[in-house]
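Per-entry structural report
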Amino acid sequence: MRRVQIRLEHLSGPEDGKIVGFSKERVRIGRGEDADLVLAHDETVSRHHADVVREGEKLFVEDAGSTHGTFVDGQRISGRAELRPGSIMRVGHSFLQVME
């Protein structure tokens, strides 16, 4: 069994409190059915909004040219930003927290 690479907790929406884990190096977040983490309830999320990427022991989020932007700890990112355990991402109107 592969080790979980990326863990996120929903902090809003219909799945508030749910923790999801992914055993992969890149997780696509968006409204599109091809996303790994689908936020279909949030119309402000783009079809392919952002990617969370693991490189070694570090995590990053990359905005995918979304309309409403990607934010980390309240700051809009341009391109890419490092994530730490406890970091809060906002994609559209949805909030996700990075878990250890």
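Further up the page is the structure itself.
What follows concerns the nonpolar core. Counting residues in hydrophobic clusters, the biggest one holds 21 residues, and the most contacted among them are Leu 8, Ile 29, Leu 37, Val 52, Val 61, Leu 83 and Met 89. Counting only elements with at least two residues in this core, the list comes to β1 (6-10), β2 (19-22), β3 (26-30), β5 (50-55), β6 (58-63), β9 (80-83), β10 (88-91) and β11 (94-98). Excluding residues that lie within four positions of it along the chain, Leu 83 makes contacts with Val 52, Leu 59, Phe 60, Val 61, Val 72, Met 89 and Val 98.

Time to look at the sheet that holds β10. The sheet built from 6 strands is open, its strands ordered β2-β1-β11-β10-β7-β8 with antiparallel pairing. Here the strands that pair on one side only, and so sit at the sheet edges, are β2 and β8 (75-76). Judged from the 3 bridges that link them, strand β7 (residues 70-72) and β10 form a sheet pairing that is antiparallel. By the bridge assignment, Val 72 is partnered in β10 with Met 89.

A few words now on the side chain of Asp 42. Residue position: Asp 42 is located in the loop between β4 (37-38) and β5. For the buried Asp 42, no salt bridge exists, and the shortest N-O distance to an oppositely charged side chain is 6.8 Å, to Arg 31. In terms of polar contacts, Asp 42 uses its side chain to reach the side chain of Ser 94, at 2.8 Å. Setting aside chain neighbours within four positions, we find Asp 42 in contact with Arg 31, Val 91, Gly 92, His 93 and Ser 94.

Basis of the calculations
- Residues numbered from 1 in each chain as written.
- Predicted model: local features only at pLDDT ≥ 70, side-chain atom pairs only at ≥ 80, totals over all residues.
- Heavy atoms only, no water.
- Core = buried A, V, L, I, M, F, W, Y, C linked by side-chain atoms within 4.5 Å.
- Buried < 20%, exposed > 50% of the residue type's maximum accessible area, 1.4 Å probe, protein only.
- Helix = DSSP H or I, 4+ residues; strand = E, 2+ residues; numbered from the N terminus.
- Contact = heavy atoms within 4.5 Å.
- Pairing = 2+ DSSP bridges.
- Lys, Arg positive; Asp, Glu negative; His and termini not counted.
- Salt bridge = Lys/Arg side-chain N within 4 Å of Asp/Glu carboxyl O.
- Polar contact = N/O pair within 3.5 Å; in protein donor to acceptor, adjacent residues only side chain to side chain.

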